[in-house]
Amino acid sequence: TIRWDTQVSEVGTVYYGSTATSLTSSKAESSAKTKHEISIPGLSPKQKYYYSITGSSGGASDQYFVTAPPAGSAQATRIWVVSDFGQSASAGDNLRRTQTVDVWKTFNNNDFHADFMLSLGDQSEVDTELQLQENYFNQLQVVFKTTPLYTIAGNHEDNNAQASYRATFSVPAQAEAGGYPSGTKDYYSFNYGNIHVVGLTVEGGVSISGAQKTWLQTDLANNKSDWLVAFMHRPMHSAGYHPTDKAGETAPSQKANWLPLLEAAGVDLILSGHNHVYERSYLLDNLIGN
């Protein structure tokens, strides 16, 4: 699925092919719009495709996607994870964001591409299109040109009722990338080879213990992957900016409802943001209290 915006309303087309100079296939939208979203079915697994939205001659060496490997297959996989990347808006913050992307490129063998990227919420400060552009896409677009992105909403997306977030990001709510369909952008799952990834939320008034918990239980029961990763904006265990043992936090409910299901399913890694610190825990089991 390719996403992009234009200043004026127009019918968008994606041109794609096996080399940057041979974009021999295309798919177009049915009507004019400014927010474009085109999904291309029937592609081969683990294949590199170059693409363009400006015409069949617009290919470039740094604009491509690599489709997911065959379901269940094992291979080395590189995932880049960020959180709260777009929160706060200042020249200093923008410099740090740019530096972060540069450090990623250096670490990643002088390459922006990851197998996929997880963005754990707060893609902007107040969920406006202007902030998404200035705080997020301006720095990360060099990565997104080649890297699939999976997002979850953070508490700062709620400042505009997630309107800009929902209009900007696509997630596989109908299990387009594997997993069990959730039918909502709030929470979902997908597969990458032998990895199963589950995204959960407490934002936007979504119940932790209602339909989301029922879906999670069904999704995990159907999962046969070797690896299980869960990601969410708010952590279940943290001593950071929003300590999870503090009164009024959502962590106790998350631990009571999600953690037993995830641990019974053999979860290997749980990723979260929100607290503006780097923390890493040793392996824990059944820690549903403080």
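Whatever comes next refers back to the structure up there.
Basis of the calculations
Residues numbered from 1 in each chain as written. Predicted model: local features only at pLDDT ≥ 70, side-chain atom pairs only at ≥ 80, totals over all residues. Heavy atoms only, no water. Salt bridge = Lys/Arg side-chain N within 4 Å of Asp/Glu carboxyl O. Helix = DSSP H or I, 4+ residues; strand = E, 2+ residues; numbered from the N terminus. Buried < 20%, exposed > 50% of the residue type's maximum accessible area, 1.4 Å probe, protein only. Contact = heavy atoms within 4.5 Å. Polar contact = N/O pair within 3.5 Å; in protein donor to acceptor, adjacent residues only side chain to side chain.

Summed over the entire model, instances satisfying the criterion amount to 7 salt bridges. Notably, a salt bridge pairs Glu 37 with Arg 3, separated by 3.6 Å at the nearest N-O pair. Placement of the pair is Glu 37 in strand E4 (residues 33-38) and Arg 3 in strand E1 (residues 2-10), with a sequence separation of 34 residues. Residue classification places Glu 37 among the partly exposed residues on the basis of a relative accessible area of 42%. On the basis of relative accessible area, Arg 3 is assigned to the partly exposed category, the value being 24%. Here Asp 5 ties to Lys 35 by a salt bridge, and the two come within 2.9 Å at their closest N and O atoms. In this pair, Asp 5 is assigned in strand E1 and Lys 35 in strand E4, connecting sequence segments 30 residues apart. Linked by salt bridges that have partners in common, Asp 5, Lys 35 and Glu 129 make up one network.

So, about the environment of Ser 238. Note that Ser 238 resides in the loop between strand E12 (227-232) and helix H5 (251-257). In this structure Ser 238 comes out as buried when scored by relative accessible area, which is 12%. Along the backbone, Ser 238 and Val 277 are 39 residues apart, and their C-alpha atoms lie at a distance of 9.1 Å. Setting aside anything within four residues of it in sequence, one finds Ser 238 in contact with Pro 243, Thr 244, Asn 275 and Glu 279. Only 3.1 Å separates the side chain of Ser 238 from the backbone nitrogen of Gly 240, close enough to count as a polar contact. Polar contacts involving the side chain of Ser 238 include one to the side chain of Glu 279, which spans 2.5 Å.

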